[in-house]
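# Descriptive analysis of the structure
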Amino acid sequence: MKTFLNTFLIVVLTYSTACSQESPSTGPSPDAKLTVQEAFPSLTFTRPVDFQHAGDDSDRVFVVEQRGVISVFQNNPATTQKSEFLAIESKVDDSGNEEGLLGLAFHPDYQSNGYFYVNYTAENPNRTVISRFSVSSSDPTKADPGSELVLLEYAQPYSNHNGGQVSFGPDGYLYIAAGDGGSGGDPQGNGQNKTTLLGSILRIDVDQPSSAGNYSIPADNPFANNTEGFREEIYAYGLRNPWRFSFDSANGQLWVGDVGQNKYEEIDIVENGGNYGWNTMEGVHCFKPADCEMTGLKLPVWEYDHSKGDISVTGGFVYHGSAIEELEGLYIYADYVSGRIWSLDVSDPNNPKNTELLNADFPISSFGIDKNQELYICGFDDKIYKLGYE
C-alpha cells in the first residue's frame, strides 16, 4: 500500500473480466469467464485488511478492520449478521494510511487453547505491537479484550512500511512481516541491517516462553545464538514492505509480496536466512548504487513494473480450493492500486508464466482463505469478494 496514492483512488463498482491473456483451460462451460463477486452481499466493513478462519471447524470467518475491530460471522453468502469479536480501537493508532490493526493469526490449537495473535501499530512511542489474546471463556463469539499478552514490540521511525502480516507456518512457529521502517528509499538502511527487526520476516516460538520474554527463538533461525548483535528473531531480511505473505499448503513454501519503491514490485519465495536485496536492489535491478554487488542476494521469482498503472503489490495465495480448477497450484496475487489480479506459475523457474485473470476496478488490500482453501479478496470499497464464473 502506498500512502501518497490513497487520495487518488477512485472506487468503481464494476467487475471487468477484460485483459485475460489466456482462455481458461477448464471451467463449467467453454465460454465461462472469471469475475469477482460479492461474497457476503449484506455485509460491509471499514477498510478490511485481513480475512482469516480459526481452524476450529465452526465454518466462521473473521475480517480485520484497520481501525482496530475484528468481526466474526458465518461463512454463508446469505448471512446478514456479523458481530464484534474484538475491538481494540483505543490501543490502535491508525492515523496513517498504512497504520492500524494489520494482521490476525489463530493458533494451530485454537480450538483447545483459544489463543490468537494480532499485529497493530500504537503511538507514544510509535511502534509495532505483536500480542496474544484469548477467546472469552463464556462466549465463543467474543474475545476477552483484557487478555492481551504483549509478545514483541519494535519502534517505527515513520508511519509507513509497517508490514503487518502474522501467520503460523507449517512448523508451528509464528511468522511476522516487518517493513523497513518507512519514508522512501530506506534512509536508515534497515533492510540490510541485521541488528534491527525492520525489513525482515521474523520467526518466533510462541509456545516456549524464555527467560527474556513471552517467546523463544527457534533453534534453526539463521542468527540464533550469534555473537555479532544480530536479532535472533530474523528468519529472512532485505525486504522493503512485505505487506502480505502466505504459505503454500501443499509444500510449505513461503510466498511474499514485497512492495517496491517507485519502479518495480516483486514476489519472493522466501527461505531461511535469505537476503532479498533491499535497499541494494529493487526487484532484479540495482537500486543503490547503480552498479551494486549482487553476490549473495536472493532474486525474486517475479517482478512487474509501473508502466501500466500498477503501483503496489498485494501478495496472495497458492490456490488449492476446488471451485476454480484452472487455478489449482497457481499463485494468485493483485495490485492494490490498479485492481488487476494475476496467476503466477513458477513450476519452471527459468520460464515463469504470469497470466492476468481480470481487473477488479477497486483497491485490493488483502487476500484470505476459508477452511476449504477457497480464496477471498478484501476490497477498500468496504466489501469482501470471491473469484467465480460469470
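Scroll up to find the structure this text is about.
Read on for an overview of the structure. The structure presented is a predicted model; accordingly, all values stated were derived computationally and were not measured.

## Describing the overall build of the chain
When its secondary structure is counted, the chain shows one helix and 26 strands. Across its three principal axes, the chain shows a C-alpha extent of roughly 60 × 60 × 40 Å. Evaluated residue by residue, the chain yields a buried proportion of 57% over its 390 residues. Pairs at least 24 apart in sequence give 57% of the contacts found in the chain among residues at least 6 apart. For the chain, the accessible surface area stands at approximately 15500 Å², while carbon and sulfur atoms represent 46% of it. Across the chain, 24 positive and 54 negative side-chain charges occur, with their mean positions spaced 3 Å apart.

## Regarding empty space enclosed by the protein
Per the counting criterion, the structure on display carries five cavities of 30 Å³ or more. Its volume calculated, the largest cavity comes out at about 50 Å³. Contributing to the lining of the largest cavity are Tyr319, Ala323, Ile324, Glu374, Leu375, Lys386 and Leu387. Tallied by class, the residues present in the lining of the largest cavity amount to five nonpolar, no polar and two charged.

## A closer look at the side chain of Ser365
Within the secondary structure, Ser365 sits in strand S24 (residues 364-369). Those residues in contact with Ser365, other than ones at most four positions away along the chain, are Pro48, Val49, Trp243, Arg244, Thr314, Tyr336, Cys378 and Phe380.

## Examining the sheet that holds strand S4 (residues 69-74)
In space, the four strands of this open sheet follow the order S2-S3-S4-S5, with antiparallel pairing throughout. Every interior strand has two partners, whereas the edge strands, strand S2 (48-52) and strand S5 (83-87), have only one. Within the sheet, the average angular offset between the axes of one strand and its neighbour, ignoring direction, is 25°.

## Some points on the state of the cysteines
A full pass over the atoms with the stated rule returns one disulfide. Shown here is the disulfide that connects Cys286 with Cys292, its sulfur atoms set 2.0 Å apart. As the torsion about the S-S bond is roughly -80°, the Cys286-Cys292 disulfide counts as left-handed.

## Observations regarding the environment of Val135
By secondary structure assignment, the location of Val135 is in strand S8 (residues 127-135). Relative accessible area serves as the criterion here: at 21%, Val135 is assigned to the partly exposed category. Apart from residues lying up to four places away in sequence, Val135 is in contact with Phe85, Tyr110, Gly114, Phe116, Pro140, Lys142, Ala143 and Asp144.

## Structural notes on unusual backbone geometry
Residue Pro125 is reached from Asn124 by a cis peptide bond, and omega for that bond is 5°. Checked against the element boundaries, Pro125 lands in the loop between strand S7 (115-122) and S8. Following Lys288, the chain continues into Pro289 via a peptide bond in cis, with omega recorded as -5°. Phi at Arg47 is positive, roughly 50°, even though this residue is not glycine. Turning to its location among the elements, Arg47 is positioned in the loop between strand S1 (34-38) and S2.

## Here we look at the layout of surface pockets
Approximately 640 Å³ is the volume found for the largest pocket. Along the wall of the largest pocket there are 26 residues; nearest its centre are Gln52, His53, Ser167, Phe168 and Ile369. For the lining of the largest pocket, the secondary structure elements donating two or more residues are S2, strand S6 (101-106), strand S10 (166-168), strand S14 (244-247) and S24. Of the residues that constitute the lining of the largest pocket, the class distribution is 13 nonpolar, 11 polar and two charged.

## As for the packing of aromatic side chains
Summed over all chains, the structure comprises 25 aromatic pairs. Seen in terms of ring centroids, Phe62 and Phe106 are 4.7 Å apart; in terms of plane orientation they differ by 50°. Their pairing is tilted. Placement of Phe62 in strand S3 (residues 60-65) and of Phe106 in strand S6 is noted, with a sequence separation of 44 residues between them. Taking the relative accessible area as the measure of exposure, Phe62 reaches 0% and is therefore buried. A residue is classified by how much of its surface remains accessible, and Phe106, at 9% relative accessible area, is buried.

## Details of the sheet that holds S8
On the basis of which strands lie adjacent, the open sheet formed by four strands has the order S6-S7-S8-S9 and antiparallel pairing. Both edges of this open sheet fall to S6 and strand S9 (143-155), since each of them pairs with a single strand only. Going across the sheet, the axis of each strand differs from the next one's by a mean of 25°, ignoring polarity. Pairing analysis gives eight bridges linking S7 to S8, with the strands arranged antiparallel.

## Observations regarding the pairing of strand S15 (residues 254-258)
For S15, the buried fraction is high: five of the five residues fall into the buried class. Where burial is concerned, the two faces of S15 agree: the one with Leu254, Val256 and Asp258 and the one with Trp255 and Gly257 are both buried. Judged from the four bridges that link them, S14 and S15 form a sheet pairing that is antiparallel. The partner of Phe245 across the bridge, within S15, is Val256. Between S14 and S15, which follow one another and run antiparallel, lie six residues, and Gly252 among them has a positive phi close to 80°. With five bridges joining them, S15 and strand S16 (residues 264-270) adopt antiparallel strand pairing. Its bridge partner lying in S16, Leu254 is registered against Val270. Hairpin geometry of S15 and S16 is characterised by an intervening segment of five residues between the two adjacent antiparallel strands.

Analysis parameters
- Residues numbered from 1 in each chain as written.
- Predicted model: local features only at pLDDT ≥ 70, side-chain atom pairs only at ≥ 80, totals over all residues.
- Heavy atoms only, no water.
- Helix = DSSP H or I, 4+ residues; strand = E, 2+ residues; numbered from the N terminus.
- Buried < 20%, exposed > 50% of the residue type's maximum accessible area, 1.4 Å probe, protein only.
- Contact = heavy atoms within 4.5 Å.
- Areas by Shrake-Rupley, 256 points an atom, 1.4 Å probe, with all protein chains shown as cover.
- Lys, Arg positive; Asp, Glu negative; His and termini not counted.
- Charge placed at Lys NZ, Arg CZ, Asp CG, Glu CD.
- 1 Å grid on protein atoms, 1.4 Å probe; cavity = no way out; pocket = protein on both sides within 12 Å on 5 of 7 lines; lining within 4 Å.
- Points joined across faces, edges and corners; volume = space filled by probe spheres on them.
- Nonpolar A, V, L, I, M, F, W, Y, C, P; charged D, E, K, R; others polar.
- Pairing = 2+ DSSP bridges.
- Axes fitted to C-alpha atoms, helices over the stretch in contact; angles between N-to-C directions.
- Disulfide = S-S within 2.5 Å.
- Phe/Tyr/Trp six-rings, centres within 6.5 Å; stacked < 30°, edge-to-face > 60°.

Functional significance is not addressed by these values, which are geometric in nature.
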